[in-house]
Amino acid sequence: MVSGVKMVFRAVKNQSLGDQVFEQVAREILTGRFTPGEQLPSERALVTTFGVNRHVVREALKRIEQLGLVSVTHGGGTVVLDFRKHAGLDLMAVMADNAQADDESMTYWLAVHEMRAAIGADAARLCAIRAPKEVKARLSAIAQRMAELGDGPELFDLEIEFWELVIDGSANLAYRLGFNTLMKGVLAKATIELARSWSIHEVKESGYRGAIARAIAEGNAKQAEAKTRESMNLVVTYLDKRVGPTSELAKKEPPKKKPPAPKRIK
């Protein structure tokens with residue numbers, strides 16, 4: 001306790017050299033500075049540029065390959081892949097770490113929220129069918145607590161708790177794993193305030209999740225699905241208008257010029 005303030009902070013840990021190399025190279029690929037079919041600088045060049053040993057570079061490249069961003073061949077160098085064809089959902093967590101609350105990221109956020117609405121609506125449907133009575137009772141209690149609060153940051157925490165229960169109540173493992181990936185995007189440090197604002201607005205506009213909780217409690221799968229989709233499409237509609245029917249961002253050609261040298265890691 002310091003000056004009457006409860007201490008909740010923890011000691012800061014240094015980020016590993018491998019993480020720093022991984023993040024820089026992945027960022028350059030995701031932003032289009034290295035295009036599909038292009039070769040990354042050689043392993044030796046990366047060692048020199050980053051000022052780290054060969055093991056650090058190899059480990060970083062292995063992680064990047066596992067994400068589906070590059071293909072590493074012995075003696076053939078490291079070739080950048082089209083991540084849209086080769087990557088999986090685990091890449092979204094990396095993209096979230098590099099997302100910003102600006103117009104350039106609206107296409108990313110639109111995709112995230114469209115997926116969220118699709119999973120959320122069907123999870124609510126399944127929850128109404130499969131969830132035990134105690135889970136349904138907890139959902140009703142959370143919705144009631146939201147309505148009592150009316151506003152404030154605690155709504156965001158209750159919202160997360162509500163949907164964790166819905167997903168678990170759906171008894172669908174794939175939805176749970178997808179939810180985990182989506183949450184990494186929602187809680188990314190660069191955009192968490194924007195996500196919190198959208199979330200609280202949606203909670204209030206949906207009647208504090210009361211209609212969804214009631215439909216689930218009554219076992220009304222069709223109504224639970226419809227109310228969830230109606231609520232979650234609020235943000236989707238907003239983002240779709242920002243991005244446009246045919247995204248100008250998606251049509252942009254990646255830069256043809258060579259990327260600047262990565263920062264040397266100290």
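Structure shown above.
Right, let's walk through the structure included here. (Residues numbered from 1 in each chain as written. Predicted model: local features only at pLDDT ≥ 70, side-chain atom pairs only at ≥ 80, totals over all residues. Heavy atoms only, no water.)

A short note on the pairing of strand E1 (residues 70-73)
Put simply, the rule is: The criterion for strand pairing is that DSSP finds at least two bridges linking the strands in question. Numbering of helices and strands starts at the N terminus; helices are DSSP runs of H or I of at least 4 residues and strands are runs of E of at least 2.
Relative to strand E2 (residues 77-80), E1 runs antiparallel, the two sharing four bridges. Each residue of the ladder has a partner; that of valine 70, found in E2, is valine 80. Where E1 folds back onto E2 in an antiparallel hairpin, the turn is made up of three residues, including glycine 75, whose phi is positive at roughly 80°.

Examining the nonpolar core
Which entries qualify depends on this criterion: Buried residues of nine kinds, namely Ala, Val, Leu, Ile, Met, Phe, Trp, Tyr and Cys, make up a nonpolar core once their side-chain atoms join them within 4.5 Å. Exposure is judged per residue with a 1.4 Å probe applied to protein chains only, and the accessible area is read against the type maximum: over 50% gives exposed, under 20% gives buried, and values in between give partly exposed. Should any heavy atoms of two residues lie within 4.5 Å, those residues are counted as being in contact.
Formed by 51 residues in total, the largest nonpolar core has its most connected members in Leu139, Met146, Phe162, Val166 and Ile216. The element that contributes the greatest number of residues to this core is helix H6 (residues 106-130), accounting for twelve residues. When sequence neighbours within four positions are dropped, the list of residues in contact with phenylalanine 162 reads Leu139, Ile142, Met146, Arg209, Ile212 and Ala213. Judged by nonpolar contacts, the second largest core, of 23 residues, contains Leu40, Val56, Leu67 and Val80.

Concerning the packing of aromatic side chains
To be explicit about the condition: Stacked, tilted and edge-to-face are the three classes applied to pairs of Phe, Tyr and Trp rings, where Trp contributes its six-membered ring and a pair requires centres within 6.5 Å; stacked means planes under 30 degrees apart, edge-to-face means over 60, and tilted covers the rest.
Considering all chains together, one arrives at four aromatic pairs under this definition. Consider the rings of tryptophan 109 and tryptophan 198, whose centres lie 6.1 Å apart with planes at 85°: the pair is edge-to-face. Here the residue tryptophan 109 occupies a position in helix H6, and tryptophan 198 occupies one in helix H10 (residues 192-205), the gap between them amounting to 89 residues. You can call tryptophan 198 buried: its relative accessible area is 13%. Members of the aromatic cluster, connected to one another through ring pairs, are Tyr108, Trp109, Trp198 and Tyr238.

Brief notes about the pattern of salt bridges
Between side chains of opposite charge, a pair can form as their charged atoms come close. Short version of the rule: The salt bridge criterion pairs a side-chain nitrogen of Lys or Arg with a carboxyl oxygen of Asp or Glu, the two atoms within 4 Å.
If you walk through the whole model with that rule in mind, you get 17 salt bridges. The closest approach of N and O atoms between glutamate 159 and arginine 116, which form a salt bridge, is 3.8 Å. Taken together, the residues glutamate 159 in helix H8 (residues 154-170) and arginine 116 in helix H6 connect sequence positions 43 residues apart. Since its relative accessible area comes to 4%, glutamate 159 is described here as buried. We classify arginine 116 as buried; its relative accessible area is 17%. For lysine 227, the salt bridge identified is with glutamate 230, shortest N-O distance 3.9 Å. Linking lysine 227 with glutamate 230, this pair stays in helix H12 (residues 221-243), spanning three residues, or about one helical turn. A cluster of three or more residues bridged by salt bridges with shared partners is formed by Arg116, Glu159, Glu202 and Arg209.

So, helix H7 (residues 133-149)
Rules: Here the expected span of a helix is defined as 1.5 Å times the quantity of residues minus one. Working definition: the arc comes from the directions between the helix axis and the C-beta atoms, pointing outward to the latter.
An ideal rise of 1.5 Å per residue puts 24 Å on 17 residues; H7 measures up with 25 Å between its terminal C-alpha atoms. Where H7 is concerned, the buried positions are Val135, Lys136, Leu139, Ile142, Ala143 and Met146. Buried residues of H7, viewed axially, fall in a sector of 120°; they line one side. Turned more than 90 degrees away from the buried face of H7, the exposed residues are Lys133, Glu134 and Glu148. The positive-phi residue at the C-terminal boundary of H7 is glycine 150, with phi of around 80°.

Everything listed here is a matter of geometry and, on its own, says nothing about what the molecule does.
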